[in-house]
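# Coordinate inspection notes
Residues per chain are reported as follows:
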Amino acid sequence: MSVNEVVAGEPGGPAPAPTEAAARPPSSLGREALRRLVRTPMAVVGMALIAVFVLVAIFAPLIAPYSPTDNSWLDQVRPGQYPGPSAEHWLGIDPLGRDVFSRIIYGARQSLLIGVVALALGAVAGIALGVLAGAFGGWVDTVVMRFVDIMLSVPGLLFAIAVAAMLGQSLTSVMIAIAVVNVPIFARLLRGEMLGQRGADYVLAARSLGISRSAIVFRHVLPNSFTPVIVQGTLTLALAIVEAAGLAFLGLSGSDPSAPEWGRMLTDAQETLTSAPMLAIYPGLAIVLAALGFTLVGESLREALDPKFRR
Amino acid sequence: MSLLQVRDLEVHFPIKAGTLFQRTVGAVKAVDGVDLDVEAGTTFGLVGESGCGKSTLGRAIMRLTEPTKGSVTLDGQDILALSERKMRAVRRQFQMVFQDPMASLDPRQSVESMLTEPLRAHKFPGGSAAHAKRIRELLDVVGLPESVVNRYPHEFSGGQRQRLGIARALALNPSLIIADEPVSALDVSIQAQVINLLKELQERFSLTYVVIAHDLAVVRHISKTVAVMYLGGIVEQAPAADLYGQPLHPYTRALMSAVPVPDPNVEESRNRILLQGDLPSPANPPAGCRFHTRCPWKQAAKCDTERPALRELPLVAPGHKVACHYAEDILSGKLTPHEVRPEEVALTPAADDPGSIETTEAHVAGGLTPGGPPGAR
Amino acid sequence: MSLLEVRDLSVTFTRSGQEPVRAVDGVSFDVAAGQSVGIVGESGSGKSVTSLAVMGLLPSRGVQVGGTVTLDGNELTDMDQRALRDIRGRDVAMIFQDPMTSLNPVVTNGRQLVEVLTRHAGLSKGEAKAEAEQLLRRVGIPDPVRRLGEYPHQLSGGMRQRVMIAIAIACRPKLLIADEPTTALDVTIQAQILDLLRTLVAESGCGMIMITHDLGVVAGLCDDVHVMYSGRIVESAGTKDLFARPSHPYTDGLLQSIPRIDDDDPADLLHTIPGSARDTVAWDRGCAFQPRCARAVAECLSGPPAVTELGTPIVPHPVRCLRPVGQDVSLHEGNVAR
């Protein structure tokens, strides 16, 4: 076997003879995907952004020089004149006399919280519906999917606004609203993927081996259908941050106006947009960077997990 | 006694129309009244072109696709009457080997997990130590080194993957293996390896095979009995040597003459019967003999009105069954072939075509729900 | 002079961060007008890449093509894309394995044919329509007028391949390249299509390259055969000569391992070639087939194997092997010691 030459495979090209199976260390599929991921520059940038975002959120009290609600510098503020960046206040002071930098730092916590909770709620409910439809098929599938279609027929943000308005102004209602919008997306995605996998030969093989239906669904169909869900998850996180900011901008977030939140900061900056445009740009930039991080990772994951790229 | 008995088996897939309230507007008659007997320890070859229903028949025998009518008796037990639970237990007796070795292996399952799964599901005695031993045995039997247990399907070549598929099928010591195009996805130089492996395993474990294939040469090589299918029914069945030595049905003759032989001298002197046109739609099969629309021996009487039964010709060819009204006369040369103009061959109007039959079969067979396509959209 | 001359053709795929892959390596062959030449090989042998290289259809990024391809005295390899496009479709036409993906699904069969005829043959729309009908009739499609107005998905696989062939022969090409044209089809339909190709070559006098894995197809259709393995031609001969005395151990093993429909007394076990195409050696280090070869000796791994000529200058039969089948004693006495 020593003379065996390892020839790299060319997708769609000639030698589909990638590696000699007996001459290679075992590797798990997940680890392989991770290895491909860290070799993608786009993914590395995305992961760095996310890392910064998460670290800032966790260590906000240590990083922020002041409390986000401390308005001790109100005396420095005059209508139409807000102190810009200085050594003491890196990003200046807002119209209510608070340190903008500290508010941005603390805002990361809020955004991450909203994003993660909304994603978790939406994904869990969506996945449950998707599994239900995808595993049982038949009338269960029809009923679930009609329900999902109805949810999907309402534009996302409008739907979120309606839900948030119904539940009243609170952080919880924002999170629920964003979650609800994402439920049908996850349900549809997973169900479609599962239906496709259910027709695969290996499922037929498992059936012919007498494997029980639930084992087939949970051990074969579901794991093989999950890749797009993971990708969708990261993209949803990005979207949830933007949506949360949007809802806050529309005044549908928590009732406490002093809570540091990027979307609300954007709303507040609206009033002083002509005199202090930077007050809108800082939170805007924060939102964009956080969302960008998750989007980059999501897109790279899509490629890394794609079996077509796997060798 | 035969290990497997199939009687009057029918698999009709409903053709549905309508978006919200679906109604059945017809049926694709994928398998339409098939009888067959497979003797223990032998290989039964099933040949036919795509769309003839041979794969559906194989799956229906295994109840992976639910038949709409008929009976399947395995080792004296009517398996169509079994509940789903009992059926799962019976499944250990018969296994399947698939065409595409990549698609039939779960890409996320390591060799070890793939081979352990059936052992666990059927409570193979002895716990994990015995399972590990069994896995080593299985890999050895199919000619793979033990060291592959931690590998994943994508790390193997096509031939090795097919060996894994065979190892998995053997895990539970089945008596019957249904192999659906077991070598057609493999390279020529690998095909022979897998065919030989199947033969060796048959001898070693006294296995019974049903081999479904479109390659007539492969089927001849491994089968004791061969049946030819056309449009959902068996048109001819005989011991391999008889069938290939003296094909009686006009379709079998055409099929045999179409297979290229790797020998230019034979190719030069061969008499080809070129069939005109394509396979008619199984949703709307021709009346009478299904083959009459393309048959060069078609006669004015009976062919287009009466469906010929599969019958034995005791005088001219004992043990040789054929479904043709005029088999004796064709054999004796009393009837000679005539031109079939392509214009005469019924072409299915595109509007009635429910899609190619393979796709219909595929999505129906893919559903976990028995009986119908799962909300296919 | 031959219609097509391929000399020392090589194709290398390069991808960033990976070893370059030489898919085709020093391939030379000729096709004369009216002649059918078979290129036989398994997946990964480089047969399809060879045909794409001849057509100039390989992507320019990450691909290096060496050697020369001369069609009717015109060198194709250094032609610009525009001139090449002109030649493709007019002088050279290709038929692919999967007619569904090679036909445009949203354009009627008629328009696809008419487009080729107006662009390459310079016919007016009216003339092209009449010609299209003739072409469909010629490739054996019943009711051609109706078929012209239909879309590819409304045709069966065999009919689609006929339409592809009609498009390919529309401009009376000098060379037809058929890449596994019948692999996706059933045997009875395959027989129809092969029969059609045979007739077309005989009638039009064009040359044909038949790329296939099926030695049976070659036996019935081709005049000359080239057997490829791992990117190189390992044996070339006239079809009858090749089948009568297959001399490369690979060709020989392949022929022996195929079950035959006309074998009245099939042996219990088939002859096999051990291993798979993955077990290979780079050609510059030795014979790529060596790891699977029953006749291999130590010399097989000492550099690229020389070509042994087993034929005559008029009827050549070159074999890239140090120990061709049936030649041991006369050629390589003393090499047998391992």
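If you're wondering where the values come from, they're calculated on a predicted model, not measured in any experiment.

Criteria and cut-off values
- Residues numbered from 1 in each chain as written.
- Chains lettered and ligands numbered in written order.
- Predicted model: local features only at pLDDT ≥ 70, side-chain atom pairs only at ≥ 80, totals over all residues.
- Heavy atoms only, no water.
- Helix = DSSP H or I, 4+ residues; strand = E, 2+ residues; numbered from the N terminus.
- Rg over C-alpha atoms; globule rule 2.2 N^0.38 Å.
- Buried < 20%, exposed > 50% of the residue type's maximum accessible area, 1.4 Å probe, protein only.
- Pairing = 2+ DSSP bridges.
- pLDDT = per-residue confidence, 0-100.
- Contact = heavy atoms within 4.5 Å.
- Domains from an automatic or database assignment.
- Salt bridge = Lys/Arg side-chain N within 4 Å of Asp/Glu carboxyl O.
- Core = buried A, V, L, I, M, F, W, Y, C linked by side-chain atoms within 4.5 Å.
- Buried area = accessible area lost by both parts, 1.4 Å probe.
- Polar contact = N/O pair within 3.5 Å; in protein donor to acceptor, adjacent residues only side chain to side chain.
- Nonpolar A, V, L, I, M, F, W, Y, C, P; charged D, E, K, R; others polar.
- Expected span 1.5 Å × (residues − 1).
- Arc of directions from axis to C-beta.

Attention now moves to the overall build of chain C. Looking only at helices and strands, chain C has 12 helices and 12 strands in total. In terms of C-alpha radius of gyration, chain C reaches 21 Å, essentially the compact-globule figure of 20 Å for 338 residues. Expressed as lengths along the three principal axes of its C-alpha atoms, the size of chain C is roughly 75 × 50 × 45 Å. A buried classification covers 55% of the 338 residues belonging to chain C.

In this section: the sheet that holds strand S4 (residues 69-74) of chain B. Residue and element names in this part refer to chain B. In space, the four strands of this open sheet follow the order S2-S1-S4-S5, with antiparallel pairing throughout. Single-partner strands in this sheet number two, and they are strand S2 (23-39) and strand S5 (77-78). When S4 meets S5, the two strands line up antiparallel, connected through two bridges. Across the sheet, residue Thr 73 finds its bridge partner in S5, namely Asp 78.

All names here are of chain C. With 96% of its residues at a pLDDT of at least 70, chain C reaches an overall mean of 88. Per-residue pLDDT stays below 50 along residues 329-338; that stretch engages in 12 contacts with residues further than four places along the chain or on separate chains. On the interface metric, ipTM, the complex scores 0.86, and its pTM is 0.83.

What follows concerns the domain arrangement of chain C. Per the domain assignment, the segments of chain C are domain 1 (100-172) and domain 2 (239-336). Here the C-alpha centroids of domain 1 of chain C and domain 2 of chain C sit 43 Å apart.

A few words on the pattern of salt bridges. Residues and elements named next belong to chain C. With the rule as written, the count across this model stands at 45 salt bridges over all chains. Across the salt bridge formed by Asp 91 and Arg 90, the nearest N and O atoms sit 3.4 Å from each other. Overall, Asp 91 belongs to the buried group, its relative accessible area being 10%. You can call Arg 90 partly exposed: its relative accessible area is 30%.

Next up on the list: the nonpolar core. Of all hydrophobic cores here, the largest spans 96 residues; its most connected members are A:Trp262, B:Ile166 and B:Leu170. Of all hydrophobic cores here, the second largest spans 67 residues; its members include C:Val116, C:Leu176, C:Met208 and C:Cys293.

Another aspect to go through is the confidence of the model for chain A. Note that predicted coordinates carrying low pLDDT should not be read in detail. Per-residue pLDDT for chain A averages 80, and the proportion of residues at 70 or more is 87%. A low-confidence stretch, residues 1-26 of chain A (pLDDT under 50), is modelled with 66 contacts involving residues beyond four sequence positions or located in other chains.

Opposite the 48 residues of chain B that make contact, chain C presents 49 residues. Of all residues in chain B, the largest losses of buried area upon contact with chain C belong to B:Val188, B:Arg220 and B:Pro262, amounting jointly to 15% of the total for that side. If you look at where chain B meets chain C, you find four salt bridges. For B:Glu268, the salt bridge identified is with C:Lys240, shortest N-O distance 2.7 Å. At the surface where chain B touches chain C, the tally comes to 17 residue pairs in polar contact (both at pLDDT 80 or more). Listed by contribution, the elements that provide at least two residues to the side of chain B that touches chain C are helix H5 (158-170), helix H6 (188-205), helix H7 (216-222), helix H9 (250-258) and helix H10 (264-269) of chain B. Element by element, the count of residues in the side of chain B that touches chain C is highest for H6(B), at 10 residues. Counted by class, the side of chain B that touches chain C contains 23 nonpolar, 10 polar and 15 charged residues.

Looking now at helix H5 (residues 138-153) of chain A. All names here are of chain A. Its 16 residues give H5 an end-to-end C-alpha distance of 22 Å, which sits within 8% of 22 Å, the value for a rise of 1.5 Å per residue. Buried within H5 we find Val 140, Asp 141, Val 144, Met 145, Val 148 and Met 151. End-on view of H5: buried residues confined to an arc of 110°, all on one side of the axis. Away from the buried face of H5 by more than 90 degrees, exposed residues Trp 139, Val 143, Ile 150 and Ser 153 are located.

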